[in-house]
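Tertiary structure, described
Listed below are the residues making up each chain.
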Amino acid sequence: MPVTYITTNTTKRLGADLRQFVHSLKECRSDLREIVAVGSTMIDGANYTLFETEFGLPTGTGQPVASALADCLTSLETPVVNAVITRLG
């Protein structure tokens, strides 16, 4: 199997920036996975009261926030993002 890992020279400013970006992307995805998983346990059908309370959201905003978070996580679970994290991480 060919090597696909790409070594980054972090002594260069842009190389260090790239490495930090990949690290931040990986942390962001991990944090969002946890937020979505925990948040989903606070939703009872169409009742988002506990979700709104625990996340400090105004009443009536739970559904659109939960939906936006789930959509964002879907965007971070793509083969492209996986490849960036795997090859440059």
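Here goes a summary of the coordinates provided. Predicted, not measured: the structure shown is a model, and the values here were computed from it. (Residues numbered from 1 in each chain as written. Predicted model: local features only at pLDDT ≥ 70, side-chain atom pairs only at ≥ 80, totals over all residues. Heavy atoms only, no water.)

What follows is about the packing of helix 1 (residues 13–40) against helix 4 (residues 79–88). With their axes 10 Å apart at the nearest point, helix 1 and helix 4 run at an angle of 125° to one another. With respect to helix 4, the element helix 1 is oriented oblique. Crossing of helix 1 against helix 4: the hand is left-handed. Residues L18, R19, V22, L25, K26 and R29 of helix 1 form the contact with helix 4, whose participating residues are V81, N82, V84, I85 and L88. Class assignment for the residues of the contact of helix 1 with helix 4 results in 7 nonpolar, 1 polar and 3 charged. (Axes fitted to C-alpha atoms, helices over the stretch in contact; angles between N-to-C directions. Helix = DSSP H or I, 4+ residues; strand = E, 2+ residues; numbered from the N terminus. Parallel < 35°, antiparallel > 145°, perpendicular 65-115°, else oblique. Left-handed = near helix turned anticlockwise from the far one by under 90°. Contact = heavy atoms within 4.5 Å. Nonpolar A, V, L, I, M, F, W, Y, C, P; charged D, E, K, R; others polar.)

The next subject is helix 1. With 28 residues, helix 1 should cover 40 Å at 1.5 Å per step; its first-to-last C-alpha distance of 40 Å lies within 8% of that length. Listed in full, the buried residues belonging to helix 1 are G15, V22, L25, R29, L32 and G39. At its buried positions, helix 1 is contacted by helix 2 (49–54), helix 3 (62–76) and helix 4. (Expected span 1.5 Å × (residues − 1). Buried < 20%, exposed > 50% of the residue type's maximum accessible area, 1.4 Å probe, protein only.)

The next point concerns the packing of helix 1 against helix 3. Where helix 1 meets helix 3, the closest approach of the two axes is 10 Å, and the angle between their N-to-C directions is 140°. With respect to helix 3, the element helix 1 is oriented oblique. As helix 1 packs across helix 3, the resulting crossing turns out to be left-handed. On the side of helix 1, the interface is formed by L25, C28, R29, L32, R33, I35 and V36, while helix 3 contributes L69, A70, C72, L73 and L76.

Tallied over the entire structure, the rule returns 2 aromatic pairs. Between Y48 and F51, the ring centres sit 6.3 Å apart and the planes meet at 85°, which makes this aromatic pair edge-to-face. Like Y48, the residue F51 is buried in the burial classification. Geometrically, the ring pair formed by F51 and F55 is tilted, given 4.7 Å between the ring centres and 45° between the ring planes. Among the residues examined, F55 registers a relative accessible area of 33% and is labelled partly exposed. (Phe/Tyr/Trp six-rings, centres within 6.5 Å; stacked < 30°, edge-to-face > 60°.)

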